[in-house]
Amino acid sequence: MNLTDWLGEHAWALWLALALVLAVAEVVSLDLVLIMLAVGALAAAGTAAVAPDLWVLQILVGAGVSAGMLIFLRPSVLATVRAMPGYRSSTDKMVGSSGMATSQIDRGSGEIKVDGQTWSARTYASDVVIEQGTEIEVYEIDGAIAVVYPKYGELP
């Protein structure tokens, strides 16, 4: 018996391997999506152990459990994590970060680069214009726009 024959007869092992890969990938992403898919793959593995010839059932169980986890469990887990003391979102962490003006920035428009990411930006004060190449600091995030001021200029 070769490996493909064995895997064909033991579909649960494929589902279990998929669950393991998804769980490891979740550790890297920390987005709480892949772990929900991993639980679905575990459910499909259990279904494959009980009904090895019913591939459609295995797929339906895996997809159903994954969808249920994503729809019903993930939002409450995210809310719990976000309510923990000391939690800061990625945009909250940007406040106070230094970056570089990649274009001229005024009260209406501009562009910056912070931690390798490009953001639309505007100045904190309406009378300030930041020239391209000037080092900036992020004062706040207003939607998808970073409000900035020159790092070595007057503080707002």
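The sections below set out a description of the structure shown in this document. In this text, all values refer to a predicted model and were calculated from it rather than measured experimentally.

**Focus on the nonpolar core**
Here comes step 1: Listed in full, the twelve residues of the largest apolar core are Met94, Ala101, Ile105, Ile112, Val114, Trp119, Ala121, Ile130, Ile136, Val138, Ala146 and Val148.
Here comes step 2: Setting aside anything within four residues of it in sequence, one finds Ile130 in contact with Ala101, Ser103, Gln104, Ile105, Thr123, Ile136, Val148, Tyr149 and Pro150.
Here comes step 3: Counting residues in hydrophobic clusters, the runner-up holds seven residues, among them Ala11, Ala44, Ala45 and Ala48.

**Describing helix α2 (residues 11-29)**
Here comes step 1: Here α2 is 19 residues long and its end C-alpha atoms lie 27 Å apart, about the 27 Å a rise of 1.5 Å per residue gives.
Here comes step 2: Along α2, the residues that are buried comprise Ala11, Ala13, Trp15, Ala19, Leu22 and Glu26.
Here comes step 3: Directly beyond the C-terminal end of α2, a positive phi value near 55 degrees is found at Leu30.

**Here we look at the packing of helix α3 (residues 34-50) against helix α4 (residues 55-82)**
Here comes step 1: Put simply, α3 and α4 touch, their axes get as near as 7 Å, and they point 150 degrees apart. With respect to their mutual orientation, α3 and α4 come out roughly antiparallel. Here α3 runs over α4; the crossing is right-handed. Residue-level inspection shows Met36, Leu37, Val39, Gly40, Ala43, Ala44, Thr47 and Ala48 of α3 in contact with α4, the latter providing Leu57, Gln58, Val61, Gly62, Val65, Ser66, Met69, Leu70, Leu73 and Arg74.
Here comes step 2: Classifying every residue of the contact of α3 with α4 by side-chain character gives twelve nonpolar, five polar and one charged.

**Examining the environment of Gly133**
Here comes step 1: Counting through the fold element by element, Gly133 comes out in the loop between β3 (117-123) and β4 (135-142).
Here comes step 2: The class of Gly133 is partly exposed, set by a relative accessible area of 48%.
Here comes step 3: In the structure, Gly133 is positioned 15 residues away from Thr118 in sequence and 14 Å away in space, judged by C-alpha atoms.
Here comes step 4: For Gly133, the residues in contact, after removing those within four places along its chain, are Met100 and Ala101.

**Overview of the sheet that holds β4**
Here comes step 1: The mixed closed barrel is built from five strands, whose spatial order is β1-β2-β3-β5-β4. Taken over all neighbouring pairs, the strand axes of this sheet differ in orientation by 55 degrees on average, direction set aside.
Here comes step 2: Where β3 meets strand β5 (residues 145-150), four bridges bridge the pair, whose relative direction is parallel. Pairing of Thr123 across the sheet is with Val148, part of β5.

**A short note on unusual backbone geometry**
Here comes step 1: We note that Leu30 has phi near 55 degrees; this positive angle belongs to a residue other than glycine.
Here comes step 2: Note on placement: Leu30 falls in the loop between α2 and α3.
Here comes step 3: One non-glycine residue, Leu32, lies in positive phi territory at about 60 degrees.

Calculation rules
Residues numbered from 1 in each chain as written. Predicted model: local features only at pLDDT ≥ 70, side-chain atom pairs only at ≥ 80, totals over all residues. Heavy atoms only, no water. Core = buried A, V, L, I, M, F, W, Y, C linked by side-chain atoms within 4.5 Å. Buried < 20%, exposed > 50% of the residue type's maximum accessible area, 1.4 Å probe, protein only. Contact = heavy atoms within 4.5 Å. Helix = DSSP H or I, 4+ residues; strand = E, 2+ residues; numbered from the N terminus. Expected span 1.5 Å × (residues − 1). Axes fitted to C-alpha atoms, helices over the stretch in contact; angles between N-to-C directions. Parallel < 35°, antiparallel > 145°, perpendicular 65-115°, else oblique. Left-handed = near helix turned anticlockwise from the far one by under 90°. Nonpolar A, V, L, I, M, F, W, Y, C, P; charged D, E, K, R; others polar. Pairing = 2+ DSSP bridges.

Take it as geometry only, folks, not as evidence of what the structure does.
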